[in-house]
Amino acid sequence: MGELTRSTAGWPSRCSATRRELAEYFPDLTARIEALPYPTDGVVIKLADREYAATLGNTAHHPRGEIAFKFTNIRRTSVLRKVVWSFGKNCLTPVAEIDPVEIGGVTITHATLHNVQNVLDRDIHVGDTVEVERAGDVIPYIVHSRPGENRFPAVIDRCPCCDTLLVRRGPELACPNPECSETRLQNLLAAVRNIGIERLGEPTLRKMMEVLGVRTLKDIFALNRGDILSLEGFKDKSAENLLAEIAKARVVNDYQLLAALNVPHIGLNVARLILREMPLAELRNADESALSGIAGVGPERAKALVRVLREQSDFLDELLNAVRLRESRADAALAALPTVCFTGKMPEKRSFYEALAPRKGFRAADAVTGELALLVAADVNASGGKLNKARSAGIRIMALEDFLALPDVEDNGAAAAVPEPETEKKEDRPEQLFLGI
Ligand SMILES: [Zn+2]
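As the structure is a computational prediction, the values presented were derived from the model and not from experiment.

Peer 1: Could you give me a rundown of the environment of Glu300, with the residues and numbers involved?
Peer 2: The topology assignment puts Glu300 in helix H13 (residues 299-311). Measuring from C-alpha to C-alpha, the distance between Glu300 and Glu288 comes to 9.3 Å, with 12 residues separating the pair along the chain.

So this is what it looks like as structure tokens:
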């Protein structure tokens, strides 16, 4: 026995049914649900015998006695009235404007057409009859189309912003004009997000470009309080918060910078893999074959990388002048160093010696473990937890003055590493944040 329940006010029905009855009843139920005055995306089907249901326990997701049933196939027929090409990161995305249809209590007037390849492959024209589907929170999309009587091409050949002849990049349509203001805005927006200035959304960035003549990340770093206050909607507090976030983003991981160049298929994670192998300066002079040798970079990415690094060379120079760069290679070098731990009362704070460690060819560690290479003690003859542990583990022990007398390591990339910026925590933000229409 099953029981269909809907406790929300306005849905009067609650019925019990066998499994077969349930299947038969379902189309009628969905029709009634669609008529509800609020959006719904599914029903929960529960076992009627509550006591028995309770004995079944839970899976990781739901109690075994009930299951959520999402509606996936709600489709409606409409007519494609217009296709608007909206600017996204590096490309123009087709958005369908359709005659309004209601799906699951929501009036749909727009649907995504994904990319130019999809429009061409399915021969979609303005004036066609289209079937629109909406599943859950996903942007509605067009599943089928039938030629209409009067149909017009949906694909454009010139940029709606700057009138430049558009080009194809894989399945996408793109404006190749580096001065195109919409393309610049979208690229700058992606760059701003990649270096972690999260408060700076599209409307503000657009205003900055229009009112303050901002063109690049460097321009953003040069903004002062007065500039930001001159933008509509900013008050003392909000201007200060934004400025603080911009200032924080000045220390940039090299992989964030590389990802900020918007090379197709090179997001934060791939950028980091690349820069662990090859520092940015070297990367800029590398050819396709050298780049293809890096794990995770195939011929396609290598080609795109060479093209973008060349095209954006000036931008990159400008950026490198504006930010403090933190190198992934240096991190890797630092991680490879032997560890040192400090113990005993020393003339300076512990952090002073820990910061000094890379100059002496060591990485600071907190505790005495089997992997520790060296214990530096204020008094090597004293006895204490760390010292005793090191002695019994056979770890080398050195007096502080001897450690300080060690020669500095020359050309150690790790020594130049700047402190971890707080933005580091956001490094693994999913990249789909930057997608969408
Ligand atoms: Zn353009």
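Peer 1: Could you give me a rundown of the nonpolar core, with the residues and numbers involved?
Peer 2: The tendency in soluble globular proteins is for nonpolar side chains to be buried as a group. Ranked by size, the top nonpolar core spans 39 residues in total, and within it Val192, Ile195, Leu258, Ala271 and Ile274 carry the most contacts. Residue contributions to this core reach at least three from each of two domains, namely domain 3 (181-245) and domain 4 (252-329). Among the nonpolar cores identified, the runner-up in size contains 24 residues, and Leu80, Phe87, Val119 and Val130 belong to it.

Peer 1: Please set out the confidence of the model for the chain residue by residue, giving values where relevant.
Peer 2: Taken residue by residue, the chain gives an average pLDDT of 82. The fraction at 70 or more is 87%. Mean pLDDT values for the elements of the chain range from 42 in strand S1 (residues 2-4) up to 97 in strand S8 (residues 125-126). The low-confidence segment residues 1-13, where pLDDT is below 50, has 28 contacts with residues more than four positions distant or belonging to other chains. Contacts from residues 411-437, a stretch scored under 50 in pLDDT, to residues over four places away or in other chains number 43 contacts.

Peer 1: Which residues make up the environment of Thr77, and what values do they have?
Peer 2: On the secondary structure map, Thr77 appears in strand S5 (residues 75-88). Note on Thr77: 13 C-beta atoms within 10 Å, which makes it partly exposed. Residues in contact with Thr77, not counting those within four places in the same chain, are Thr129 and Glu131.

Peer 1: Let's hear about unusual backbone geometry: which residues, and what values?
Peer 2: With a phi close to 70°, His114 is a non-glycine residue in the positive phi region. You can see His114 is positioned in the loop between strand S7 (106-112) and helix H3 (116-121). Even without being a glycine, Asp163 presents a positive backbone phi close to 70°.

Peer 1: Lay out the sheet that holds strand S19 (residues 396-399) with the relevant residues and their values.
Peer 2: The strand order across the open sheet formed by 4 strands is S17-S16-S18-S19, and the pairing between neighbours is parallel. The strands lining the two open edges of the sheet, one partner per strand, are strand S17 (363-364) and S19. Where strand S18 (residues 374-377) meets S19, 4 bridges bridge the pair, whose relative direction is parallel. The partner of Leu374 across the bridge, within S19, is Arg396. Along the sheet, helix H17 (residues 385-393) makes contact with strand S16 (339-343), S18 and S19, crossing S18 at roughly 145°.

What counts and how
Residues numbered from 1 in each chain as written. Predicted model: local features only at pLDDT ≥ 70, side-chain atom pairs only at ≥ 80, totals over all residues. Helix = DSSP H or I, 4+ residues; strand = E, 2+ residues; numbered from the N terminus. Core = buried A, V, L, I, M, F, W, Y, C linked by C-beta atoms within 7 Å. Buried ≥ 20, exposed ≤ 12 C-beta atoms within 10 Å, placed from the backbone. Domains from an automatic or database assignment. pLDDT = per-residue confidence, 0-100. Contact = placed C-beta atoms within 7 Å. Pairing = 2+ DSSP bridges. Axes fitted to C-alpha atoms, helices over the stretch in contact; angles between N-to-C directions.

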